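Here's the letter readout for the chains.
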Amino acid sequence: MTALWQCTATELVAGFRAKQWSPKEALDSVLERLEAVNPGLNAIIALADDAQEAAERSSLRYIEGRALSPLDGVPISIKDNLLLAGVPATWGTAALRDWIPDRDELPVARLRQAGAVLFAKTNAPEFTLEGYTDNPVYGVTGNPWALALTPGGSSGGAAAAVAAGIGPLALGTDGGGSIRRPAAHCGLVGLKPSIGTIPRADGFPQILLDFEVAGPLGRCVEDVALMLNVLEGACPEDRQSWMVHPARRTTASRILCVSSLPGCPIDPQIRRQVEKAATTFSRMGLEVVFDTLPLELAALNEIWSEVGQIGLAHLAETHPTWLEHASPKYQDMANAGARLPASRLWHILDVVSHLRRQVDTFFTDTDMVLMPSIAALSWPASQAYPPIIDGQPVGPRGHAVFTGWVNAAGNPAINLPVEPSHEGLPIGLQLIGPWQSEYLLLDLAQRYQRLVPWKARFADLWER
């Protein structure tokens, strides 16, 4: 019999309903897996004391035939920058090492209300501002496929846990690719929803304008869809969640494949595998056009680092002790942000507004964009970024060039696994859609998954 920790959320729930096993047994299996692999992985950094009680309550609900939702009883981990009542929330920074919130952040609260068993917190970089996962509180997280390498960031702990079998689903955040890139590095499905699709409230201050959204990571498309269904929906505490697109697109016929960006090196294996995967969408009956991305990204690239600097400067004013105890790098960033004139923030807002108009216009003629999620294969786990890609030197965001513009635009995107590299390292593509086209993305993703299944890859990983 397959161990319960190996099951997807969809499989677990089917077993709960059929009374083949219980949520309590599922949680116990996941915790046994955690004990076996987390010491070498460092993906989980804290456990929830009330998880066993939650699993027992869920088990009773299934016995009585009154499950709360399609996620009732499913073990789900929560990224460390999201508040889970009764469990430390450090944001990876020393000043918050011992802080334990007494409330759930809104998306976490929705999972709890749906009966999900929220059993652990996952590791993240300090202030979730890095593309790898390491911090002065909990240290570095490895990639289950190669422990010496990074799972990416900032949802690196979340992705590493799910890929390793420590729970079938995780809740992460994506402010510049922080769900999609770790999903790509770990062979997962990762959904970055549109701004407002999953409302946010009662959490840490936003330091990336409205770019950062919460979203699910899982090993299959069906599980990610289940989680989105529980998390989405308007809420009075988040005004952006009330913004409904007047005409949601329900079908797609034309996909633009962009396998590289001008002046941005990409690992040749990634480019080849993404272009090869594009032919699968042709087999699905879609028109796939290979071309350049018709957006002006130079202005966005110019101001990208300033967004985080200004956000940290504001954080330093509102929570000065947090930055006083932060790593020097983030203190320097906050100081740099404080030196920028107020007019610079208005310039940033103008750049973002212009990009959003461009993207909305672009999607009137194109249904979807297909791009790589990552520009580089996983690199050493304690290294902030790969300094060279395809023989060319790159800066801190050289590996992340394909994802940030989607956050600034506010559009949804989903990472899907493609064939791994010659070294056996995962690679991912992302599908990017018009605003609020999450379910169209999920439909295409499920069709792609049927043609190119990847479940057996995890069985190979877990047998190592």
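So, how was this worked out
Residues numbered from 1 in each chain as written. Predicted model: local features only at pLDDT ≥ 70, side-chain atom pairs only at ≥ 80, totals over all residues. Heavy atoms only, no water. Phe/Tyr/Trp six-rings, centres within 6.5 Å; stacked < 30°, edge-to-face > 60°. Helix = DSSP H or I, 4+ residues; strand = E, 2+ residues; numbered from the N terminus. Buried < 20%, exposed > 50% of the residue type's maximum accessible area, 1.4 Å probe, protein only. Lys NZ or Arg CZ within 6 Å of the ring centre and 35° of its normal. Salt bridge = Lys/Arg side-chain N within 4 Å of Asp/Glu carboxyl O. Pairing = 2+ DSSP bridges. Axes fitted to C-alpha atoms, helices over the stretch in contact; angles between N-to-C directions. 1 Å grid on protein atoms, 1.4 Å probe; cavity = no way out; pocket = protein on both sides within 12 Å on 5 of 7 lines; lining within 4 Å. Points joined across faces, edges and corners; volume = space filled by probe spheres on them. Nonpolar A, V, L, I, M, F, W, Y, C, P; charged D, E, K, R; others polar. Contact = heavy atoms within 4.5 Å. Polar contact = N/O pair within 3.5 Å; in protein donor to acceptor, adjacent residues only side chain to side chain. Arc of directions from axis to C-beta. Parallel < 35°, antiparallel > 145°, perpendicular 65-115°, else oblique. Core = buried A, V, L, I, M, F, W, Y, C linked by side-chain atoms within 4.5 Å. Disulfide = S-S within 2.5 Å. Expected span 1.5 Å × (residues − 1). Bend = angle between axes of the 7 residues up to and from the residue.

### Quick look at the packing of aromatic side chains
(1) Moving on: For the structure shown, the criterion picks out 14 aromatic pairs.
(2) Moving on: Arranged with centres 6.2 Å apart and planes meeting at 85 degrees, the rings of tryptophan 91 and tryptophan 322 form a pair that is edge-to-face. Taken together, the positions of tryptophan 91 in the loop between β2 (75-79) and α4 (106-113) and tryptophan 322 in helix α10 (residues 320-324) put the pair 231 residues apart, joining distant regions of the chain. The same class applies to tryptophan 91 and to tryptophan 322, which are both buried.
(3) Moving on: One aromatic cluster is present, built from ring pairs that chain together Trp91, Trp99, Phe127, Phe204, Trp322 and Tyr330.
(4) Moving on: Just above the ring of tryptophan 5 sits the side chain of arginine 33; from NZ or CZ to the centre is 4.0 Å.

### As for the pattern of salt bridges
(1) Moving on: Here the structure, examined in full by the defined rule, presents 18 salt bridges.
(2) Moving on: In this structure, the salt-bridge partner of aspartate 174 is arginine 180, at a minimum N-O distance of 3.0 Å. Like arginine 180, aspartate 174 is buried.
(3) Moving on: What emerges from the salt-bridge pattern is a single network uniting Asp50, Asp104 and Arg112.

### What to know about the sheet that holds strand β1 (residues 44-47)
(1) Moving on: Sheet architecture is open: 11 strands sit in the order β1-β3-β2-β4-β6-β5-β12-β13-β9-β7-β8, paired in mixed fashion. Two strands in the sheet have a free side with no partner beyond their single neighbour: β1 and β8 (287-290). This sheet shows a mean twist of 25 degrees between the axes of neighbouring strands, independent of strand direction.

### Comments concerning empty space enclosed by the protein
If you roll a probe as big as a water molecule over the atoms, it shows you where there is empty space left.
(1) Moving on: On inspection of all chains with the given rule, the structure shows one cavity of 30 Å³ or more.
(2) Moving on: Here the largest cavity defines a volume of roughly 100 Å³.
(3) Moving on: Class assignment of the residues belonging to the lining of the largest cavity gives a composition of six nonpolar, three polar and two charged.

### A short note on the packing of helix α2 (residues 23-41) against helix α3 (residues 51-64)
(1) Moving on: Axis separation between α2 and α3 bottoms out at 7 Å; the angle between their running directions is 145 degrees. Of the residues in α3, those touching α2 at Pro23, Lys24, Leu27, Asp28 and Leu31 are Ala51, Gln52, Ala55, Glu56, Ser58, Ser59 and Tyr62.

### Concerning the side chain of asparagine 407
(1) Moving on: Looking at where asparagine 407 falls in the secondary structure, it is placed in helix α13 (residues 404-409).
(2) Moving on: A distance of 2.6 Å separates the side chain of asparagine 407 from the side chain of arginine 180, its partner in a polar contact.
(3) Moving on: With residues near it in sequence (within four places) discarded, asparagine 407 still touches Asp174, Gly175, Gly176, Gly177, Arg180, Lys192, Ile195, Phe211 and Arg356.

### Here's the deal with the layout of surface pockets
(1) Moving on: Here the largest pocket defines a volume of roughly 970 Å³.
(2) Moving on: Taken together, 41 residues form the lining of the largest pocket, with Trp304, Ser305, Pro396, Arg397 and Ala400 sitting closest to its centre.
(3) Moving on: Breaking the lining of the largest pocket down by element, the ones donating at least two residues are α9 (298-318), α11 (328-339) and α13.
(4) Moving on: No other element matches α9, which puts six residues into the lining of the largest pocket.
(5) Moving on: Of the residues assigned to the lining of the largest pocket, the class counts are 19 nonpolar, 17 polar and five charged.
(6) Moving on: Quantified by volume, the second largest pocket comes out at close to 320 Å³.
(7) Moving on: Taken together, 17 residues make up the lining of the second largest pocket; nearest its centre are Gln6, Thr8, Glu11, Lys455 and Ala456.
(8) Moving on: Among the elements that make up the lining of the second largest pocket, the one with the highest residue count is helix α15 (residues 455-462) (five residues).
(9) Moving on: For the lining of the second largest pocket, the per-class residue count stands at eight nonpolar, five polar and four charged.

### Observations concerning helix α1 (residues 9-17)
(1) Moving on: Among all positions of α1, only Ala9, Leu12, Val13, Gly15 and Phe16 are buried. Projected down its long axis, α1 carries its buried residues within an arc of 160 degrees, all on one side.
(2) Moving on: Among the structural elements, α2, α3, β2, β4 (169-174) and α7 (221-231) are those in contact with the buried residues of α1.
(3) Moving on: Positive backbone phi, at 60 degrees, marks lysine 19, one or two positions downstream of α1.

### Looking at the packing of helix α8 (residues 268-283) against helix α14 (residues 438-451)
(1) Moving on: For the pair α8 and α14, the least separation of the axes is 10 Å and the interaxial angle reads 105 degrees. Relative to α14, the element α8 is oriented roughly perpendicular. For the pair α8 and α14, contact is made by Ala277, Thr280, Phe281 and Arg283 and by Leu444, Tyr448 and Leu451, respectively.
(2) Moving on: Split into classes, the residues belonging to the contact of α8 with α14 amount to five nonpolar, one polar and one charged.

### Focus: the environment of methionine 243
(1) Moving on: Within the secondary structure, methionine 243 sits in the loop between α7 and β7 (254-257).
(2) Moving on: As for methionine 243 and aspartate 202, which are separated by 41 residues in sequence, their C-alpha atoms are 20 Å apart.
(3) Moving on: Apart from residues no more than four positions distant in its own chain, methionine 243 is found in contact with Trp435 and Gln436.

### With respect to the nonpolar core
(1) Moving on: In this structure, Ile76, Leu111, Trp405, Leu416, Leu429, Leu431 and Tyr448 are the most contacted members of the largest nonpolar core, which totals 149 residues.
(2) Moving on: Excluding residues that lie within four positions of it along the chain, tryptophan 405 makes contacts with Leu293, Leu295, Leu297, Leu300, Leu355, Val359, Met371 and Ile432.

### Quick look at the state of the cysteines
(1) Moving on: This structure, assessed with the given rule, holds zero disulfides.
(2) Moving on: Sulfur of cysteine 220: no disulfide; nearest cysteine sulfur belongs to cysteine 7 and is 11 Å away.
(3) Moving on: A disulfide-free cysteine, cysteine 264 has its sulfur positioned 16 Å from the sulfur of cysteine 257, the nearest such atom.

### Focus: α9
(1) Moving on: Here α9 contains 21 residues, and its C-alpha end-to-end distance of 32 Å stays within 8% of the 30 Å for a straight helix at 1.5 Å per residue.
(2) Moving on: The largest bend in α9 amounts to roughly 35 degrees and is located at tryptophan 304.
(3) Moving on: Listing the buried residues of α9 in full gives Leu300, Ile303, Trp304, Glu306, Val307, Gly308, Gln309, Ile310, Gly311, Leu312, Ala313 and Leu315.
(4) Moving on: Looking at the buried side of α9, the elements it contacts are α10, α11, α12 (342-362) and α13.

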